[in-house]
Structures are given as structure tokens and as C-alpha cells.
Amino acid sequence: MISQDTNRQQSGVRPGYVAAAGVFAIGMMGTTLPTPLYGLYREQIGFSELLVTVVFAVYAIGVIAALLIAGDFSDVLGRRPILLCALGLAALSALCFLSEGGLPLLFAGRVLSGLSAGLLSGTGTAAVLELAPAGRRARAGFAATAANMGGLGLGPLTAGVLAEYGPWPLWLPFLMHLALLVIAVAVTWLLPETVHRSGERRLLRPQGMVVPAEVRGVFAPSALAAFAGFSLLGLFTAVAPAFLSETLGVHNLAVSGAVVFSVFCASTVGQLLMSRVSARSALPVGCLVLVAGLLLVGVSLLLASLPFLLVGAVAGGIGQGLAFRAGLTVVSAAAPENRRGATISAFFVVAYGGISVPVIGVGALTMALGLRNAGLVFAGCVMVLAAGAGGHLWRRPAVEA
């Protein structure tokens, strides 16, 4: 039997939920650190835009594998061991990028980064929430959201600034991250364990992907909205620097990182706005705002306008955050208690599919149509997906439990 007693485990000399959120953010930061550097890797190694998107997208393979295989391992082994494992995988990923061993190690680094993120997503969120005192659970929920999306946003921003203005542009960002990971490991070691077992420990088994029959009606449109939103995130984290440099004429890596940072900050805002409206309303509204953001991104490509791209990034990020958190809320509420973990993992699997498949499609289209036209086709296709999901949810609102 597992108990999760948080209040008794905390003491004045041990770090709590704020420290756990910091660890969570540091771990997630590494997953987007290479974003503004892909252009430099292209110059150094000499591969195509299609391969850039493939290198980026294999990250999703690691995330999905971790979710399907080890999504509930921290419930058995404890939060701290899984957090330490995730941080170790993040460090191995950084070492792969530091080795400059060509495409094989870039692929390995991205897969390791995905495995790390997959472990962190559930375990980090649970640790932050469980370490919060009873009166600060709402703040802890905000801290977990901010750590997740804030860490993803800080990766490209930090890497862009260091690569643009510091020495060793392909080394310094990863050396910095390794230093932060050392600090994160030390803090994690001091965190109170919130999972305590009594009796025999159950076997570790992959939880797989399950969508119970009673959830399917709400799962399909909610997961489709999440897929569309994550496609937007994938577009910005994989090929936005190339759009900026080749289509908009912006070659400053710090600016590239700041544009990607704005998307994740906006997503955090969107997730926080969900607390002010019901999930059944937030889902179609989030899809509508996402469509508006994608429309502005398309306009920015047609007019070669950085301001339109920034406004589109912010609008799309807010829409993605609204729709994603609302979808997760209604799917979780509709799932039966004994299948909730596997159902949520299935939701994340579909969402992370949005990071990989459409982005690789953009890379393939770029070879035939050019980057601008490929971006326009991408924006149009994702707009159709988001509008379809939003229209369905508007006509048949999801029912909250």
C-alpha cells in the first residue's frame, strides 16, 4: 500500500515545493536548449531542413516511450529516485551534444532528452503538488505549470543569448545546463520523499495506452485539440529559427530564442486562465484562439513580418494552453479511477504526436515548396484540425465530472 503524506514529511530545514519546481524547470529546460542552435549544426554538419525536423522530432519518441513504459513507476519507487533518473538522462543528453559526434549523437541526445522529459512530466508535477502544504495547493499547481512551460521556454532563450553573445556557441549552453543539473541533483537528494509504502511492493509493469469506452466521446476531440496545440509548439521549437533567418531576415540567435520563449510563456498564461472559466467553455475557446494565432503566423510568413509572428506566437500559445489544460481536465474527470493513469498517458501520447509528425511534414514539404510555403501549408492544416475540434466541442460541450 502507498501513502502520500506530505505535511508530516516537511521540516524547516528541508526544501519544499518551490525547490521541487526549480528542479522540474531545470530538467525541462534541457529539452528545448538546442532549438536556436540547429542552424549552427546545419552549417557544421551539413544536413537538410528535413533532417533538422527529424532530429527534433525523435525527442517525442523518447517522451512517448517513457510515458507508456514508466508513466507510473514513481508511484512504486518514489518520486526522488525517478527525478534523479530523469536528471541523469538529461545530463547524458547534454554530453551527447557536447561531444560533437555528428548526427548519430544528435539523435541519441534528443532521444535521451525525450526520456528525461517523459519521466519528469508526471513525476515532477506530482512532487511539486505533494510537497505543498494543504493551504498552498493552488500555488503549487501554478508552480508546477510554470516550471513545466517556463523551463521549456527558458531553454531556447538561454541558449540563444549564450550562443549569440558568449564564446563556444555549441558548447556553452550545455555546459551551463550541466552545472544547473548538478545543483538540481543536490536539491533533489534533499527533497522529502512523498511516497511511502507499506506491505509488499507491486511489480513494475508498463502501463500502456488505454482509452476506456466511457471516455472515448470526450477523448477524441480533446486529444485532437491537444495534438493541434502541440503541433504549434513543435513548429516553433523545431523550425522557427529557420523561419526567422530565411524568411524574415532575423539572424540574431537571442531573438530566435526569445520568440520561442514567448510561445511557452503564453501557454502558461493560457493554462492559468483556465481556472477562471469552466473546462467545457475553455476547450472550444482555446481552439478558437489557437486558430487565430495560426492565422497570424501565416500572415507573418506572407508579409515577412516579425511583429505578426510575435503576436501569432502569443495568441497561439494562449490558445494551446487553454485547450490543453481544459482537455486534460475533462479527460481525467471522465476516466474511471482504476484506469485514470493509463488514460492520461494516452492523452499525452496523442499530444506529443503533434510535436513530431506534423513537424517532420514541414521538413519534407520544405524540400519541395520552400520554407515559407511549407509553413503556410502547415498553418492551414493545423487550423483545420483546431477549428474542427473546436466546432465539435462548441456544438457538443464536454461534460465535467
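## Digging into the overall build of the chain
Each helix and strand in the chain was counted, giving 14 helices and 2 strands. A globule of 401 residues ought to have a C-alpha radius of gyration of about 21 Å, and the chain, at 20 Å, matches this closely. If you line up the chain on its principal axes, its C-alpha atoms span 60 × 55 × 35 Å. Burial analysis of the chain (401 residues in total) assigns 54% to the buried set. Partitioning the contacts of the chain with sequence separation of at least 6, the portion at a separation of at least 24 is 87%. One way to put it: in the chain the 22 positive side-chain charges average out to a point 8 Å from where the 14 negative ones average out.

## Focus on the state of the cysteines
Here the structure, examined in full by the defined rule, presents 0 disulfides. We note that Cys-85 lacks a disulfide partner, and the nearest cysteine sulfur, in Cys-96, lies 15 Å from it.

## Some thoughts on the environment of Ala-60
As for its placement among the helices and strands, Ala-60 is situated in helix H3 (residues 49–70). For Ala-60, a relative accessible area of 1% gives the class buried. For the pair Ala-60 and Gly-286, spaced 226 residues apart in sequence, the C-alpha separation works out to 23 Å. Excluding residues within four positions of it along the chain, Ala-60 makes contact with Tyr-352, Ile-355 and Ser-356.

## Quick notes on helix H7 (residues 137–165)
In this model, H7 (29 residues) spans 40 Å end to end at C-alpha, consistent with the 42 Å of a helix rising 1.5 Å per residue. The axis of H7 is deflected most strongly, by about 25 degrees, at Gly-150.

## What about helix H8 (residues 172–190)?
The end-to-end C-alpha distance of H8, which contains 19 residues, comes to 28 Å, matching closely the 27 Å that a straight helix rising 1.5 Å per residue would cover. Looking only at H8, the buried set comprises Leu-172, Pro-173, Phe-174, Met-176, His-177, Leu-178, Leu-181, Ala-184 and Thr-188. Against the buried residues of H8 lie helix H1 (17–32), helix H2 (38–45), helix H5 (79–99) and H7.

## Focus on the packing of aromatic side chains
Per the stated rule, a full pass over the model turns up 11 aromatic pairs. Aromatic pair Phe-230 and Tyr-352: ring centres 5.2 Å apart, planes at 65 degrees, arrangement edge-to-face. Within this pair, whereas Phe-230 is found in helix H9 (residues 216–247), its partner Tyr-352 is found in helix H13 (residues 340–369), the two being separated by 122 residues in sequence. Overall, Phe-230 belongs to the buried group, its relative accessible area being 4%. Both rings, one in Phe-348 and one in Tyr-352, keep their centres 6.5 Å apart while their planes meet at 25 degrees; by these two values the pair is stacked. Taken together, the residues span about one helical turn, with Phe-348 and Tyr-352 both in helix H13 at a distance of 4 residues. According to the relative accessible area criterion, Tyr-352 is buried, its value standing at 5%. What links up through ring pairs into an aromatic cluster is the set Phe-56, Tyr-59, Phe-219, Phe-230, Phe-324, Phe-347, Phe-348 and Tyr-352.

Criteria and thresholds
- Residues numbered from 1 in each chain as written.
- Predicted model: local features only at pLDDT ≥ 70, side-chain atom pairs only at ≥ 80, totals over all residues.
- Heavy atoms only, no water.
- Helix = DSSP H or I, 4+ residues; strand = E, 2+ residues; numbered from the N terminus.
- Rg over C-alpha atoms; globule rule 2.2 N^0.38 Å.
- Buried < 20%, exposed > 50% of the residue type's maximum accessible area, 1.4 Å probe, protein only.
- Contact = heavy atoms within 4.5 Å.
- Lys, Arg positive; Asp, Glu negative; His and termini not counted.
- Charge placed at Lys NZ, Arg CZ, Asp CG, Glu CD.
- Disulfide = S-S within 2.5 Å.
- Expected span 1.5 Å × (residues − 1).
- Bend = angle between axes of the 7 residues up to and from the residue.
- Phe/Tyr/Trp six-rings, centres within 6.5 Å; stacked < 30°, edge-to-face > 60°.

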